[in-house]
Amino acid sequence: MFGEKCKLIFARRLKTIETFEVQAYIKEMTTEKHSLIGLSLEDMTSWALSVGLRPFRAQQIYHWVYGLGVRSFDQMKNLPKNVQETLAETFHLDRLDLNTAQTSVDGTQKWLLSLKDGQEIETVHIPERTRGTLCISSQVGCTLTCKFCHTGTQLLVRNLTAAELLGQMFMARDVFGEWPAPQENRHVSNIVLMGMGEPLYNYENVKKALAIAMDPAGFNMPKRSITLSTSGVVPFIEQCGKELGVNLAISLHAVTNELRNRIMPINRKYSLEELMAACQAYPGTSKSNRITFEYVMLKGVNDSLADARGLVKLLKNIHAKINLIPFNSWPEAPYECSDWQTIEKFAAVLEEAGYASPIRKTRGEDILAACGQLKSLSMRQKKSKL
Ligand code: SAH
Ligand code: SF4
C-alpha cells in the first residue's frame with residue numbers, strides 16, 4: 001500500500017525528470033521487493049502462473065535459488081531475459097548481513113547476523129573432521145526465560161521468518177562455497193535448531209524452512225541430519241513428528257515438576273507427565289532413532305545421584321539417548337557448572353543403565369558460542385552501557 005502511494009507521488013514528480021537512470025533509481029527506492037529466498041515451490045508456482053508463465057519455470061527458479069544459490073537473476077541461464085527481468089522487478093536474492101564473525105580456538109565459528117529491521121541473531125558453525133553442524137536460531141531472543149539460559153534474558157523477541165531461517169543456511173553455504181552441495185564431507189552436513197529461541201513457538205515458519213531444507217530439489221538435507229530442540233511445547237511435538245519427521249531433542253534439565261517449574265517456566269504449562277507422553281508418541285522413534293534428552297549440569301541444583309536415578313526411571317519407556325551438558329556460564333549467570341567429578345559420577349549411573357557416552361563436549365565456549373550462551377552482541381553492549 002505504502003509503496004503504491006509513494007510511486008504515485010514520485011510519478012507526478014517524475015514528469016520533469018527525463019533520464020532513464022533517475023527513473024530506474026526512484027523505482028528501486030519506491031518499490032518494495034520481496035525475498036525470493038523463503039518461498040516454497042508452491043509459492044513460486046503461484047507467482048509464475050500469475051504472470052503468465054508455465055509451472056516448469058517455477059521449478060527452474062527454485063533450483064537456481066536453493067540448489068545452486070545464485071545471487072542474481074541474470075545467472076538463471078535457462079530463463080528467457082524477459083523472465084529474468086520480471087523476477088528482478090518483484091524479488092531480491094539478498095543475503096542476511098554479516099555483522100561480525102568470530103572463530104573459536106576449536107574452529108567453531110559464530111556469526112552475528114543483522115536482519116532488515118535492525119534486529120540481530122546468532123548462528124554457529126561447529127566443524128568436525130568429515131562433517132559440520134550448523135546451529136541456527138528460530139527467534140530473536142526467547143520468551144521462555146529458562147533460568148540458566150542467556151538467550152532467555154533478552155527482552156526483545158520476535159519470530160524469524162522462513163526467509164531468515166533459510167538465510168542462516170545460505171550464510172553457511174556461501175561461506176563454505178557449497179553450491180551445489182558436495183556429495184561427501186560437507187561443511188554443512190547437519191542442522192540443529194539449538195540457537196536462539198524456541199522453534200516450536202515459531203512452528204509454521206520453521207516447518208516451511210525445513211521443508212525446503214529437506215527437499216532433494218531444494219537444500220537436499222536428509223531429515224535425519226536435522227535436529228529440532230524444544231523446551232517442551234507439547235501440542236506441537238506430535239505435529240512436528242508427523243509433518244517433518246526430523247530428529248527431536250528435548251531440553252529436560254530436571255526430573256521433578258517441582259524443580260522443572262522453577263528453572264523452566266514452560267513446565268508450569270506442560271508438565272513432565274504430558275511431555276513424556278508426547279515423547280513416547282513421537283512418530284518414527286526406534287532403537288536406532290532415539291530422542292535426545294538434554295540435561296544441563298547445574299551445581300547443587302539437579303546433579304545429585306538421586307537425580308541421575310530419577311532420570312533413568314523417567315526415560316525407561318522411551319527410545320532415548322542422553323546428552324549431559326556442562327553448564328556454560330555467561331555474565332551474571334545465577335548458576336555454576338557442576339564439578340567434573342560430579343558429572344562423571346552422574347554419567348556413570350546413566351552408563352550403567354545402558355546410556356552410552358552421555359557427556360556432550362562443549363564447543364566454542366571461548367567466543368560465547370556454546371549452548372545457551374547466545375544473545376545478540378548489541379543487546380549485551382546495550383546492557384553493559386546501562
Ligand atoms: N529453545 C530450545 C532450543 C535452544 S537452546 C530449547 O530450549 O531446547 C539449546 C540447548 O541449550 C537447550 O537444551 C538448552 O536448554 C541448553 N542451554 C541453555 N542454556 C544453557 C547453558 N547456559 N549451558 C548449557 N546449556 C544450555
Ligand atoms: Fe528459550 Fe531454550 Fe533458552 Fe529456554 S533454553 S530460554 S526455551 S532458548
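Residues numbered from 1 in each chain as written. Chains lettered and ligands numbered in written order. Predicted model: local features only at pLDDT ≥ 70, side-chain atom pairs only at ≥ 80, totals over all residues. Heavy atoms only, no water.

Summing up its helical and strand segments, the chain has 13 helices and 13 strands in all. Every one of the 386 residues in the chain was classed for burial, and the buried ones make up 52%. Long-range contacts, defined as pairs at least 24 residues apart, comprise 64% of the intrachain contacts of the chain with a sequence gap of at least 6. (Helix = DSSP H or I, 4+ residues; strand = E, 2+ residues; numbered from the N terminus. Buried < 20%, exposed > 50% of the residue type's maximum accessible area, 1.4 Å probe, protein only. Contact = heavy atoms within 4.5 Å.)

As a further point, take the packing of helix α6 (residues 162–176) against helix α7 (residues 203–214). Between α6 and α7, whose axes approach to 8 Å, the crossing angle comes to 40°. Relative to α7, the element α6 is oriented oblique. Where α6 crosses over α7, the handedness of that crossing is right-handed. Between α6 and α7, the contacting residues are A162, L165, L166 and M169 on the first element and N205, V206, K208, A209, L210, I212 and A213 on the second. Partitioned by chemical class, the residues of the contact of α6 with α7 number nine nonpolar, one polar and one charged. (Axes fitted to C-alpha atoms, helices over the stretch in contact; angles between N-to-C directions. Parallel < 35°, antiparallel > 145°, perpendicular 65-115°, else oblique. Left-handed = near helix turned anticlockwise from the far one by under 90°. Nonpolar A, V, L, I, M, F, W, Y, C, P; charged D, E, K, R; others polar.)

Within strand β5 (residues 120–127), seven of the eight residues are buried, leaving the element largely enclosed by the surrounding structure. In terms of strand pairing, strand β4 (residues 109–114) meets β5 through six bridges, oriented antiparallel. Pairing of W111 across the sheet is with T123, part of β5. Counting the residues between successive antiparallel strands, the hairpin from β4 to β5 contains five residues, one of them, G118, with a positive phi of roughly 90°. (Pairing = 2+ DSSP bridges.)

This brings us to the packing of α7 against helix α8 (residues 234–243). One can describe the packing of α7 onto α8 by two numbers: an axis separation of 12 Å at closest approach and a directional angle of 15°. The angle between the axes of α7 and α8 places the two elements in the roughly parallel class. Crossing handedness for the pair α7 and α8: right-handed. Contact residues: Y203, E204 and K207 in α7; F236, Q239, C240 and E243 in α8. Tallied by class, residues from the contact of α7 with α8 come to three nonpolar, one polar and three charged.

Turning our eyes to something else, we now look at the side chain of K110. Structurally, K110 is set in strand β4. Classification of K110 as buried rests on a relative accessible area of 2%. At a separation of 2.7 Å, a polar atom in the side chain of K110 contacts the main-chain carbonyl oxygen of I367. (Polar contact = N/O pair within 3.5 Å; in protein donor to acceptor, adjacent residues only side chain to side chain.)

Time to look at the pattern of salt bridges. Scanning all chains against the criterion turns up 15 salt bridges. Between R158 and D117 there is a salt bridge, and its shortest N-O distance comes to 2.8 Å. Taken as a pair, R158 in strand β8 (residues 158–159) and D117 in the loop between β4 and β5 lie far apart in primary sequence, 41 residues in all. Residue classification places R158 among the partly exposed residues on the basis of a relative accessible area of 21%. The class for D117 is partly exposed, based on a relative accessible area of 47%. Residue R360 pairs with E294 through a salt bridge whose shortest N-O separation is 3.3 Å. With R360 in the loop between α12 (340–352) and α13 (377–385) and E294 in strand β12 (residues 291–297), this pair connects stretches of sequence that are 66 residues apart. Here the residues in one salt-bridge network are R71, R95 and D174, joined through shared partners. (Salt bridge = Lys/Arg side-chain N within 4 Å of Asp/Glu carboxyl O.)

Glancing now at the site of ligand 1. Taken together, 21 residues surround ligand 1, and among them F148, G197, S229, S251 and H253 come closest. Take S251: an N or O atom from its side chain is 2.5 Å from an oxygen atom of ligand 1. Going through the elements one at a time, β10 (226–230), β12 and β13 (320–326) are the ones with two or more residues in the shell around ligand 1. A class-by-class count of the residues in the shell around ligand 1 yields ten nonpolar, nine polar and two charged. (Near = heavy atom within 4 Å.)

For the coordinates displayed, the defined rule picks out nine aromatic pairs. Ring geometry for F170 versus F219: centroids 5.4 Å apart, planes at 65°, classification edge-to-face. Separated by 49 residues along the polypeptide, F170 in helix α6 and F219 in the loop between α7 and β10 bring together distant segments of the chain. Just as F170 is buried, F219 falls in that class too. Among the aromatic residues, ring-to-ring pairing joins Y62, Y66, F170, W179 and F219 into one connected group. Directly above the aromatic system of W179 lies the positively charged group of R173, at a separation of 5.4 Å from the ring centroid. (Phe/Tyr/Trp six-rings, centres within 6.5 Å; stacked < 30°, edge-to-face > 60°. Lys NZ or Arg CZ within 6 Å of the ring centre and 35° of its normal.)

On to the pairing of strand β9 (residues 190–193). Going residue by residue along β9, you find N190 and V192 tucked away on one face and I191 and L193 tucked away on the opposite face as well. The sheet contact formed by strand β6 (residues 132–135) and β9 spans three bridges and is parallel. When the bridges of β9 are listed, L134 appears paired with I191. Sheet analysis places β9 next to β10, joined by three bridges and oriented parallel. Considered in β10, the bridge of L193 is made with L228.

Turning to helix α3 (residues 41–50), a few remarks are in order. Of the residues making up α3, those classed as buried are M44, T45, W47 and A48. The arc that holds the buried residues of α3, viewed along the axis, is 165°, so those residues lie on one side. Looking at α3, the residues exposed on the side facing more than 90 degrees away from the buried face are E42, L49 and S50. Where α3 is buried, its residues touch α4 (55–67), α5 (81–90) and β2 (91–92). Count one or two residues on from α3 and you reach G52, which has phi positive near 80°. (Arc of directions from axis to C-beta.)

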